[in-house]
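# Per-entry structural report
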Amino acid sequence: MPQIVSSFTSVETRDDHPVRVTHRREKISVVIVSYNTREVTSRCLRALESEAAGLNLEILVIDNQSRDGSAQMIRRDFPAVRLVEAGRNLGFAGANNLAFALADGEYVILLNSDAFLKPGSLRNAIAHMKAEPKTALGGGRLVGEDGAWQPSARQFPSLLNDFLSMSGLAHRFQNSRFWGRADRTWADPMTEAAVDWVPGAFSIIRGAVVEEMGGFDESFFLYYEEVDFCRRIKAAGYAVRYWPDVEVVHLGGESSKSMSGAVRSSAGAQLTLWRLRSGFLYYRKHHAAAAWRTMAAEYAWHLFRLGRNRYSRQPSRTQKAAESRSMLALIRKAWQDTRGGRYSPPRPW
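Residues numbered from 1 in each chain as written. Predicted model: local features only at pLDDT ≥ 70, side-chain atom pairs only at ≥ 80, totals over all residues. Heavy atoms only, no water.

### Details of the overall build of the chain
Secondary structure summary: the chain contains 12 helices and 11 strands in total. Considering the chain as a whole, with its 349 residues, one finds that 51% of them fall into the buried category. Here the analysis covers contacts within the chain between residues at least 6 apart in sequence; of these, 77% occur between residues at least 24 apart. Surface accessibility of the chain: about 16,300 Å² in total, with carbon and sulfur atoms responsible for 52%. (Helix = DSSP H or I, 4+ residues; strand = E, 2+ residues; numbered from the N terminus. Buried < 20%, exposed > 50% of the residue type's maximum accessible area, 1.4 Å probe, protein only. Contact = heavy atoms within 4.5 Å. Areas by Shrake-Rupley, 256 points an atom, 1.4 Å probe, with all protein chains shown as cover.)

### Points about the confidence of the model for the chain
When pLDDT drops low, the exact placement of atoms in the prediction is not to be read closely. In the predicted model, the chain carries a mean pLDDT of 90, and the fraction of residues at 70 or more is 89%. This stretch, residues 1-21, has a pLDDT under 50; its non-local contacts, to residues over four places away or in other chains, come to 53 contacts. Low pLDDT, under 50, characterises residues 254-264; the predicted model gives this stretch 13 contacts beyond four residues in sequence or across chains. (pLDDT = per-residue confidence, 0-100.)

### Remarks on the side chain of asparagine 64
Here asparagine 64 lies in the loop between β4 (57-63) and α2 (70-77). Within the local environment of asparagine 64, its side chain forms a polar contact with the backbone nitrogen of leucine 90, the two atoms lying 3.2 Å apart. (Polar contact = N/O pair within 3.5 Å; in protein donor to acceptor, adjacent residues only side chain to side chain.)

### Description of α2
Buried residues of α2: Ser70, Ala71, Met73 and Ile74, and no others. Each buried residue of α2 sits inside an arc of 160° when the element is viewed along its axis, so together they form one side. (Arc of directions from axis to C-beta.)

### Section: the packing of helix α1 (residues 38-51) against α2
Running from amino to carboxyl end, α1 crosses α2 at an angle of 30°, the nearest separation of the two axes being 9 Å. Considering the angle they form, α1 stands roughly parallel to α2. For the pair α1 and α2, the crossing hand works out as right-handed. Only Ser70, Met73, Ile74 and Asp77 of α2 make contact with α1, whose side of the interface consists of Arg38, Thr41, Ser42, Leu45 and Arg46. Tallied by class, residues from the contact of α1 with α2 come to 3 nonpolar, 3 polar and 3 charged. (Axes fitted to C-alpha atoms, helices over the stretch in contact; angles between N-to-C directions. Parallel < 35°, antiparallel > 145°, perpendicular 65-115°, else oblique. Left-handed = near helix turned anticlockwise from the far one by under 90°. Nonpolar A, V, L, I, M, F, W, Y, C, P; charged D, E, K, R; others polar.)

### Looking at the nonpolar core
With 51 residues, the main nonpolar core has Leu137 and Ile233 as its most contacted residues. Looking at which element gives the most residues to this core, the answer is helix α10 (residues 261-287), with 7 residues. Excluding its chain neighbours within four sequence positions, the residues that come into contact with leucine 137 are Met129, Val198, Ser203, Ile204, Ile205, Phe229, Cys230, Ile233, Ala239, Val240 and Arg241. Of all hydrophobic cores here, the second largest spans 33 residues; its members include Leu45, Leu111, Val143 and Val248. (Core = buried A, V, L, I, M, F, W, Y, C linked by side-chain atoms within 4.5 Å.)

### Quick notes on the pairing of β4
When you tally the buried positions in β4, you get 6 out of 7 residues, the bulk of the element. As defined by bridge partners, β4 adjoins strand β5 (residues 82-85) across 4 bridges and the pair is classed as parallel. Bridge assignment links valine 61 to a residue of β5, and that residue is leucine 83. (Pairing = 2+ DSSP bridges.)

### Topic: a nonpolar patch on the surface
On the surface, a cluster of nonpolar side chains totalling about 330 Å² of accessible area is made up of Leu160, Phe173, Phe178 and Trp179. Here phenylalanine 178 is to be found in the loop between α6 (169-172) and β9 (193-194). Judged by relative accessible area, which is 37%, phenylalanine 178 ranks as partly exposed. (Patch = residues over 30% accessible without salt bridge, like charges linked within 9 Å, V, L, I, M, F, W, Y side chains within 5 Å. Salt bridge = Lys/Arg side-chain N within 4 Å of Asp/Glu carboxyl O.)

### A closer look at the pairing of strand β6 (residues 105-111)
Of all 7 residues in β6, 6 are buried, a share of seventy percent or more. In the sheet, β6 pairs with strand β10 (residues 202-206) via 5 bridges, with the strands oriented antiparallel. From the neighbouring strand, leucine 110 faces β10, where its bridge partner is serine 203.

### Observations concerning unusual backbone geometry
The omega torsion of the bond from arginine 347 to proline 348 falls at -10°, within 30 degrees of zero and hence cis. Structurally, the position occupied by proline 348 is in the segment after α12 (315-337). Non-glycine residue tyrosine 223 carries a positive phi angle of around 80°. Relative to the helices and strands, tyrosine 223 is located in the loop between α7 (207-213) and α8 (225-235). Here arginine 339, not a glycine, exhibits a phi torsion of approximately 50°, which is positive. With respect to the secondary-structure elements, arginine 339 resides in the segment after α12. For arginine 339, a relative accessible area of 54% gives the class exposed.

### Thoughts on the pattern of salt bridges
All chains considered together, the criterion is met by 22 salt bridges. Of the charged contacts in the structure, one is a salt bridge between glutamate 49 and arginine 46, with a shortest N-O distance of 3.5 Å. With glutamate 49 and arginine 46 both in helix α1 and 3 residues apart, the pair spans about one turn of that helix. For arginine 46, a relative accessible area of 43% corresponds to the partly exposed category. For the salt bridge of arginine 75 with glutamate 85, the shortest nitrogen-to-oxygen distance reads 2.5 Å. Linking arginine 75 in helix α2 with glutamate 85 in strand β5, this pair joins segments that are 10 residues apart in sequence. Within this structure, Asp217, Asp228, Arg232 and Lys285 form a network of salt bridges that share partners.

Encoded structure:
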């Protein structure tokens, strides 16, 4: 992990938690990780430009060895952006940590390359952070291009939450506070709230807290890094908040959409493998033996699903059987690759 140079100068006591005070500059550092998303990265930067007027803003783009000309486009069209070409794919955690080592803003904003700030959202996020000194990290309301709400404020993963998602019960009973617990689908999306974690598509973090936490855990190449980060933030006594007036249009999956045919299918399986690896690493780190239980639960679910559908002649059920057969192989591989959640394979995954 890149060394994050500390500028801590003193320690004050706030309630039951020490707050480290830094001499960070009164500016905003925006961090964007780019990987083969040239067109949407350009759109993201244009939207950011329109929101930046009157703000002391620095924009850092970490390019994870894109092959689509993203770096050249940024140098040509956005000369004020600080572009760092990583030289290899560092993953989400590693690329953000590289930016954290360079950023010196009072607040650090993480923004996906396929996420576009709606008018006023940036200023609203900053205003919330200034008004809520106990909040270390905040997220906004994510919507698709059609305005449809996306899960934006979530509960930490658990065996129960994972089962409700896998089984489809969470989707079927979205308005239930129990069944819809993981993604808080029961909650009014226009009501702000204290939450467990928010997606990494957009978040604003106090720069001092980034330093205190030591950035992201690079054991997570992709997936779960923001969940782990929020968990450590809350364990340190800080709050994580969701604000509906911080609206962000999020496309999602743009890197995989740049592929086609069999390549995209292969990439989908790879992303699933990465999700499983990171999940096992997360459970082992935070719940010890629960890593085995979560593996066994997901494996058992797909065994059941395969047995239920394998002999059917209905195309939809035949497809479900094929999906579960593939998932069983990926679960076994991810468990083996991570040695039961105890080992993170060398990057890039």
